[in-house]
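Results of the structural survey
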Amino acid sequence: MDDPVVFDVPAPFVVEGIVGQGAYGAVCKAKYGNELRAIKKIPNYSKSCDSAKKVLREVQILQQHQYCQQVICCHTMFRPSSGDKDVYVVMDFQPSDLSSTIKDKNITLDEDRVRYIVAQLLLGLRALHANDCIHRDLSTRNILINEDSQVYLCDFGLSRFFDPDEQLSFGVVTQWYRAPEIILDAQYDFRADVWSVGVILGELLLRKHLFPGKPNDHADQLNRIFMLCGTPSKDLFAEGRSLARSSDNARRYSFMYIDKRPTQPHLAKVLEGVAGASPNAIALFARLLTFDQAARPTANEALQDPWFEPLRDFINQEMEAMDSVEKPAIPSDSGELADILEQIETLVKPFPEALKIMQDQEAEYAAAAAQDDAAAESS
Ligand SMILES: Nc1ncnc2c1ncn2[C@@H]1O[C@H](COP(=O)(O)OP(=O)(O)O)[C@@H](O)[C@H]1O
Ligand SMILES: [Mg+2]
């Protein structure tokens with residue numbers, strides 16, 4: 001068994017327990033004065049140039065998108081006093097993620113709530129995409145939600161800035177939410193995130209997984225998509241089209257499937273009779289899960305969909321707020337390991353400096369709490 005994760009956090013934080021453990025980091029719940037925080041430990045950023053770049057992107061992208069209401073609020077980040085090359089990210093604690101919410105049958109997910117959740121997801125993506133960032137790991141586990149159904153994107157561990165000339169890596173995005181262009185090892189862009197929203201919309205309405213492919217079985221994952229979305233036209237693999245750069249293997253497999261088992265889309269059928277799946281909801285579901293990424297809407301286009309009419313004012317306000325913020329410059333993450341480490345360490349300060357601020361704040365909290373108590377006693 002793996003060693004338990006040690007959270008080397010300063011005194012104002014009182015760790016209450018682990019709430020999440022993913023492939024790279026671990027997240028604990030901690031008390032901070034009267035408030036709750038979630039603290040993510042991103043271990044060992046100096047291991048290799050690749051791991052350092054990954055951590056740098058996670059830190060940069062989270063910090064740069066703090067103005068966006070749909071991105072988890074990060075209060076501070078610090079490096080531990082031990083000198084270990086770890087980053088601790090201190091966030092607002094949110095009571096649940098979408099995966100747990102979908103499984104909890106005591107929670108109602110009616111059409112209005114699902115619409116509100118999906119609109120917020122698309123707003124968050126719109127902000128990221130406008131800054132040339134792709135999340136690349138949108139899944140129900142990486143979306144936090146509170147009691148008011150406000151949702152927050154988290155886990156920017158696979159996010160990166162998009163460079164159209166660079167072949168992006170294959171294998172990103174938790175498999176069940178992975179867009180077909182990524183499975184086929186073709187070129188992909190922001191619309192891969194939009195595909196994931198389509199899968200999540202289906203899961204919110206159905207309250208079960210939409211494409212639960214066998215782990216690491218790309219063919220099975222693709223078959224499930226073909227069965228529901230229909231087999232694509234072979235033309236999509238031609239020069240200049242969206243799947244032109246797919247791997248030979250993926251192309252051979254797809255052509256064989258298209259020849260042997262051509263399938264029509266069944267997207268509407270899968271939601272037939274499902275509570276909350278109005279004709280407009282089904283229409284957007286099908287748009288988001290458009291096989292051809294070139295024909296799939298962007299997050300911004302999807303937000304114009306008629307299904308969102310009841311939320312039009314909210315959506316417009318949010319868009320206006322995010323558009324009024326100046327775009328951050330795209331930082332460079334090229335360079336040698338030493339450069340990358342320096343960038344991380346510039347963005348994430350070592351512990352003592354942060355401690356001082358936190359101790360001051362804790363003293364403030366204590367004073368405020370004492371005042372409240374005194375006021376309560378005298379009334
Ligand atoms: N701010 C938060 N509040 C509450 N729970 C959180 C918070 N951030 C993350 N979590 C939980 O911890 C899990 C792992 O966090 P995440 O950032 O996704 O790390 P990993 O990179 O290991 O997947 C999430 O799936 C979520 O359930
Ligand atoms: Mg995660």
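As the structure is a computational prediction, the values presented were derived from the model and not from experiment.

What counts as what
Here the residue numbering is sequential within each chain, running from 1 through the sequence in written order. Chains carry letters from A onward and ligands carry numbers from 1 onward, assigned in written order. It should be noted that, the model being predicted, local features are given only for residues of pLDDT at least 70 and side-chain atom pairs only at 80 or more, the latter also being counted only at that level, while totals for whole chains, interfaces and linings use all residues. A strand pair is defined by DSSP finding two or more bridges across the two strands. To qualify as a helix, a DSSP run of H or I must reach at least 4 residues; to qualify as a strand, a run of E must reach at least 2; elements of each kind are numbered from the N terminus. In this analysis, axes come from line fits to C-alpha atoms, helices being fitted only over the stretch in contact, and the angle between any two N-to-C directions falls in the range 0 to 180 degrees. Each domain's extent was defined by an automatic or database domain assignment. Residue pairs qualify as contacts under a 7 Å threshold applied to their C-beta atoms, which are placed from the backbone. As a working rule, the residues Ala, Val, Leu, Ile, Met, Phe, Trp, Tyr, Cys and Pro are called nonpolar, Asp, Glu, Lys and Arg charged, and the rest polar, with Gly in that last group. Nearness is defined per residue: the C-beta atom, placed using the backbone, must lie within 6 Å of the molecule or strand. UniProt positions are given in the numbering used here, feature names are shortened, and annotations may be inferred rather than shown by experiment. Partly exposed residues are those falling between the two cut-offs: more than 12 but fewer than 20 other C-beta atoms within 10 Å of their own, whereas 20 or more means buried and 12 or fewer means exposed, with C-beta atoms placed from the backbone. An angle below 35 degrees is read as roughly parallel, one above 145 as roughly antiparallel, one from 65 to 115 as roughly perpendicular, and any other as oblique. Crossing chirality is assigned from the near helix's rotation relative to the far helix, an anticlockwise turn below a right angle marking it left-handed and a clockwise turn marking it right-handed.

**What about the sheet that holds strand S1 (residues 13-21)?**
Picture the strands of a sheet paired through backbone hydrogen bonds; they go either parallel or antiparallel. Strand order in the open sheet made by the 5 strands is S1-S2-S3-S5-S4, with antiparallel pairing throughout. Of all the strands in the sheet, the pair left with one neighbour each is S1 and strand S4 (74-78). Between one strand and the next, the sheet's axes are offset by a mean angle of 25°, whatever the strand orientation. In this structure, strand S3 (residues 35-42) lies alongside strand S5 (residues 87-92), joined through 6 bridges in antiparallel fashion. Residue pairing across strands places Lys-41 opposite Tyr-88, the latter belonging to S5.

**A few points about the domain arrangement of the chain**
Assigned domains of the chain: these are domain 1 (13-93 + 335-378) and domain 2 (108-323). The centre of domain 1, based on its C-alpha atoms, is set 30 Å off from the matching centre of domain 2. The interface is formed by 14 residues belonging to domain 1 together with 18 residues belonging to domain 2. Tallied by class, residues from the side of domain 1 that touches domain 2 come to 7 nonpolar, 4 polar and 3 charged.

**Describing the site of ligand 1**
The immediate surroundings of ligand 1 are formed by 21 residues, with Gly-20, Gly-22, Val-27, Ala-38 and Asp-155 found nearest. When contributions to the shell around ligand 1 are tallied by element, the ones reaching two or more residues are S1, S3 and S5. If you count residues domain by domain, the shell around ligand 1 takes at least three from each of domain 1 (13-93 + 335-378) and domain 2 (108-323).

**Some remarks on the UniProt feature "binding site: ATP" (unreviewed entry) in the chain**
Summarizing the sequence annotation, UniProt attributes the feature "binding site: ATP" (unreviewed entry) to Lys-41 in the numbering used throughout. With respect to the secondary-structure elements, Lys-41 resides in strand S3. Residue class for Lys-41 comes out buried when judged on the 23 C-beta atoms lying within 10 Å of it. Discounting residues that sit within four places of it in the chain, Lys-41 has contacts with Val-5, Phe-7, Gly-25, Ala-26, Asp-86 and Tyr-88.

**Here's the deal with the packing of helix H1 (residues 49-64) against helix H12 (residues 337-347)**
Two measures define how a pair of helices packs: the angle their axes make with one another and the distance between the axes. Where H1 meets H12, the closest approach of the two axes is 9 Å, and the angle between their N-to-C directions is 30°. Comparing the axis directions of H1 and H12 gives the class roughly parallel. Crossing handedness for the pair H1 and H12: left-handed. Taken together, the residues of H12 that come into contact with H1 (itself represented by Cys-49, Ala-52, Lys-53, Val-55, Leu-56, Val-59, Gln-60 and Gln-63) are Leu-337, Ile-340, Leu-341, Gln-343, Ile-344 and Leu-347.

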